[in-house]
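What the coordinates show
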Amino acid sequence: MEVKIGVQYAPRELVVDSAQSPAEIEQIVTDAIANEGTLSLTDEKGRRIIVPVSKIAYVEIAESSPRVVGFTAR
């Protein structure tokens, strides 16, 4: 899963590749917003990303798209 987090006053979004399902990520985000604390996600390499909920502008959850390398015919 690819999760994009927009942070207020930040010029770029945070992009996290997670092994969790979309439902699990949605539940984590919903719980963090309800508790008004921090959003904590772990990426595929085990790194932890922590963002204060008060600074989150949006969260986008999408399937990871495979990276295309070289020349391709479409």
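For the structure itself, consult the block above.
None of the values given here were measured: they were computed from a predicted structure. (Residues numbered from 1 in each chain as written. Predicted model: local features only at pLDDT ≥ 70, side-chain atom pairs only at ≥ 80, totals over all residues. Heavy atoms only, no water.)

1. Digging into the pairing of strand E2 (residues 14-17)
Summarising the sheet, strand E1 (residues 2-7) and E2 pair through four bridges and their orientation is antiparallel. When the sheet's bridge partners are listed, Ile-5 is paired in E2 with Leu-14. (Pairing = 2+ DSSP bridges. Helix = DSSP H or I, 4+ residues; strand = E, 2+ residues; numbered from the N terminus.)

2. Some points on the pattern of salt bridges
In this structure the tally under the stated criterion is three salt bridges. The salt bridge partner of Lys-4 is Glu-2, with a shortest N-O separation of 4.0 Å. Of the residues examined, Glu-2 reaches a relative accessible area of 17% and is grouped as buried. Its salt-bridge partner being Lys-4, residue Glu-13 comes within 3.9 Å of it at the nearest N-O pair. Residue classification places Glu-13 among the partly exposed positions, given a relative accessible area of 31%. A relative accessible area of 21% places Lys-4 in the partly exposed class. (Salt bridge = Lys/Arg side-chain N within 4 Å of Asp/Glu carboxyl O. Buried < 20%, exposed > 50% of the residue type's maximum accessible area, 1.4 Å probe, protein only.)

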